[in-house]
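Structural characterization, general
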Amino acid sequence: MCTLEKRGRVLILTLTGSGEHRLGPDLISSLRSLLATARSDPSAAALVTVGEGRFFSNGLDLAWAKNSSEGLSTLVRLLKPLIADLISLPMPTVAAVTGHAAAAGMMIAIAHDYVYMRGDRGVLYMSELDIGLPFPDYFMDLMQAKITDPRTLRDVTLRAKKITGTEAKERGIVDKVCQSASETVAEAVKMAEELAGRNWDKGVYASIRMSVYPKLCKSLEIPEESDEAVTKHFASRL
Amino acid sequence: MCTLEKKGRVLILTLTGSGEHRLGPDMISSLRSALATARSDSTAGALVVTNEGRFFCNGFDLAWTGKSKEKLMTLVSQAKPLIADLVSLPMPTIAAVTGHVAAAGVMFALAHDYVYMRGDRGVFYCSELDVGLPFPPYFMVLMRTKLTKPGTLRDLALGAKKINAIEGKERGLVDKVFDSASDVLPEAVNMAEQLAARNWIGGVYASIRMSMYPDLCRSVGIPQESDEEVEKHFVSRL
């Protein structure tokens with residue numbers, strides 16, 4: 001379902017196989033497990049997330065939800081801590097969007113600090129309006145945190161627009177657009193290596209990230225750092 | 001440390017000398033004193049803040065703090081009312097930046113209504129992540145308030161990126177860029193004169209500015225105006 005490999009100081013999390021990488025209980029659980037490994041690796045300094053095949057992730061596993069007595073709300077509930085893991089991860093994160101990223105799949109992508117995407121194929125797409133679903137609170141908080149241009153947010157949420165990598169770059173959803181899947185991954189890894197090379201204190205990095213998105217953190221139930229915890233980050237580099 | 005002069009209806013506050021204009025207790029105190037004079041000058045219509053030398057403001061006075069966490073926290077808490085003074089000032093404010101802006105200096109610049117900057121030299125730089133410090137909460141509120149374009153806050157705070165004026169203009173940090181350093185102050189004064197000539201009521205200007213930034217006001221301890229106070233601004237120009 002997913003693998004974690006290490007290249008120097010960069011961890012590469014891959015959603016494996018040629019399927020849609022739909023987020024059901026098993027994939028969510030596997031991803032959380034790998035992110036826990038990433039979190040506890042003292043020598044890892046950056047994370048890149050990649051999808052194999054035509055999809056980065058096509059969203060929640062609606063087929064599972066239909067067949068399960070617990071339904072979609074269970075998946076929405078299970079996904080939240082996965083997003084929280086990314087927002088609290090003590091290292092820079094780069095999403096290499098190598099295929100379609102829809103609904104919850106787009107949430108995974110934009111939960112990364114940097115989003116690189118291929119321009120030749122693939123779209124970002126919030127399908128909820130087309131399917132007839134409102135957004136979970138934390139989805140909207142994540143979009144509001146990361147998509148700050150009002151018209152772009154409107155097109156994403158209220159128009160269910162399918163946005164290519166090129167348009168996403170113009171509109172500030174994506175940081176870099178590349179010519180192919182492999183170039184996207186290569187550039188993302190390169191960026192991750194650059195970020196790793198800054199030798200930032202990982203706890204401070206996570207602390208700063210969480211302070212940039214306080215509303216999102218509350219929504220994801222990431223506990224606010226106490227004043228003591230913040231002062232513990234006091235620089236040893238002054 | 002700083003001087004205050006008047007040209008017509010425009011007040012010009014200059015951070016004097018060729019040093020880094022770092023914010024230590026004396027500098028903060030001098031600046032607050034000058035801003036208090038500005039506030040109480042009933043014929044002043046706008047404020048320009050500028051610098052001599054290669055630095056606008058290079059952050060807190062770390063020579064004064066040394067490695068003392070307590071002293072650093074003291075400066076953080078002393079700078080808060082300085083930012084509050086700017087955010088509540090009853091006249092338009094323009095930062096005429098002719099040198100580097102770093103860390104707490106970034107906050108000082110961003111607290112102005114307009115930022116004019118030389119294009120050939122000088123960068124905005126949040127050094128906190130490189131030094132291993134999280135941001136004081138009101139710093140982060142100020143940046144979130146003023147930096148709304150996609151990726152700008154992320155690059156500045158979470159990327160410790162050095163952003164020059166030209167890039168700053170594209171990214172919403174800077175309002176106007178000038179090829180030559182010697183144009184910055186005259187153009188800022190020109191703009192200040194134009195704003196002063198609008199004959200806005202100072203109290204109304206401040207009231208509107210504070211209503212634009214309620215989270216920031218809360219964060220730097222500016223009390224919300226009561227309904228009575230807002231009504232007192234009732235316009236005699238209708």
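Up top is the structure.
Here the residue numbers are simple positions, counted from 1 along each chain's written sequence. Whichever chain is written first is A, and whichever ligand is written first is 1; the rest continue in order. Two thresholds apply to this predicted model, a pLDDT of at least 70 for residue-level local features and 80 or more for giving and counting side-chain atom pairs, whereas whole-chain, interface and lining totals are computed over all residues. Hydrogens are left out, water is left out, and the side-chain values use all remaining heavy atoms of the structure.

1. Quick word on the nonpolar core
The line we're drawing: Residues enter a nonpolar core if they are buried and are Ala, Val, Leu, Ile, Met, Phe, Trp, Tyr or Cys, with the set joined through side-chain atoms within 4.5 Å. Whether a residue is buried, partly exposed or exposed follows from its accessible area with a 1.4 Å probe, protein chains only, as a fraction of its type maximum: under 20%, in between, or over 50%, in that order. Comment: elements are numbered from the N terminus, with helices defined as DSSP H or I runs of at least four residues and strands as E runs of at least two. The contact criterion used is simple: two residues touch if any of their non-hydrogen atoms lie within 4.5 Å.
One finds Leu79 of chain A together with Phe124 and Met143 of chain B to be the most contacted residues of the largest nonpolar core, which totals 150 residues. The element that contributes the greatest number of residues to this core is helix 3 (residues 69–87) of chain B, accounting for nine residues. When sequence neighbours within four positions are dropped, the list of residues in contact with Met143 of chain B reads Met107, Leu110, Cys126, Phe135, Leu153, Leu156 and Ala157 of chain B. With 15 residues, the next largest nonpolar core counts Val48, Phe178, Val184 and Leu195 of chain B among its residues.

2. Quick notes on a nonpolar patch on the surface
We apply this condition: Patch rule: a residue counts if its relative accessible area is over 30% and it has no salt bridge; like charges are joined within 9 Å, and nonpolar side chains (Val, Leu, Ile, Met, Phe, Trp, Tyr) within 5 Å. Using the Shrake-Rupley algorithm and a 1.4 Å probe, accessible areas are obtained, with residue cover drawn only from the displayed protein chains. Only one rule defines a salt bridge in this text: a Lys or Arg side-chain nitrogen within 4 Å of an Asp or Glu carboxyl oxygen.
On the surface, Leu62, Ile131 and Leu133 of chain A cluster together into a nonpolar patch covering about 230 Å² of accessible area. Along the chain, Leu133 of chain A falls in the loop between helix 5 (128–131) and helix 6 (137–146).

3. Details of the sheet that holds strand 7 (residues 114–118) of chain B
Residue and element names in this part refer to chain B. For clarity, the threshold we go by: We treat two strands as partners when DSSP finds at least two bridges between them. The axes are straight lines fitted to the C-alpha atoms, using for helices just the contacting stretch, and the angles between their N-to-C directions are given from 0 to 180°.
Pairing is mixed across the open sheet formed by six strands, whose spatial order is 1-2-3-5-7-10. The open sheet terminates on both sides in strands that have one partner only, identified here as strand 1 (2–7) and strand 10 (176–178). Across the sheet, the mean angle from the axis of one strand to that of its neighbour is 20°, orientation sign disregarded. With four bridges joining them, strand 3 (residues 46–51) and strand 5 (residues 93–97) adopt parallel strand pairing.

4. A closer look at the interface of chain A and chain B
Basically, it comes down to this: Buried area: the sum, over both parts, of the accessible surface (1.4 Å probe) that disappears when the two are put together. Counted as a polar contact is a pair of N or O atoms within 3.5 Å, where, for protein atoms, one must be capable of donating a hydrogen and the other of accepting one, and residues adjacent in sequence contribute only when both atoms are in side chains. For this classification, Asp, Glu, Lys and Arg are treated as charged, while Ala, Val, Leu, Ile, Met, Phe, Trp, Tyr, Cys and Pro are nonpolar and the rest, including Gly, are polar.
Residue-level contacts link 24 residues of chain A with 24 residues of chain B. Taken together, both faces of the contact between chain A and chain B bury some 2300 Å²; the carbon and sulfur share is 64%. Where Arg154 of chain B meets Asp175 of chain A, a salt bridge forms, and the shortest distance between an N and an O atom there is 2.5 Å. Scanning the region where chain A abuts chain B turns up eight residue pairs in polar contact (both at pLDDT 80 or more). Taken together, the residues of the side of chain A that touches chain B sort by class into 11 nonpolar, seven polar and six charged.

5. What about the pattern of salt bridges?
For side chains of opposite charge, pairing can occur when their charged atoms come near one another. All names here are of chain A. Taken as a whole, this structure holds 27 salt bridges over all chains when the rule is applied. For Arg159, the salt bridge goes to Asp155, with nearest N and O atoms at 3.3 Å. A relative accessible area of 3% places Asp155 in the buried class. By sharing partners, the salt bridges in this structure join Arg154, Asp155, Arg159, Lys161, Glu167 and Arg171 into a single network.

6. Side note on the sheet that holds strand 7 (residues 114–118) of chain A
Residues and elements named next belong to chain A. Read from one edge of the open sheet, six strands run 1-2-3-5-7-10, paired in mixed fashion. For this open sheet the edge positions go to strand 1 (2–7) and strand 10 (176–178), each flanked by a neighbour on one side alone. The mean inter-strand angle of the sheet, taken between neighbouring strand axes irrespective of direction, is 20°. Across six bridges, strand 2 (residues 10–15) lies against strand 3 (residues 46–51) in parallel orientation. Residue pairing in the sheet places Thr14 in a bridge with Val50 of strand 3. Strand contacts of helix 1 (residues 25–39): strand 1, strand 2 and strand 3, with the helix running at about 20° to strand 1, the strand carrying the most contacts.

On their own, these measurements won't tell you what the molecule is for.
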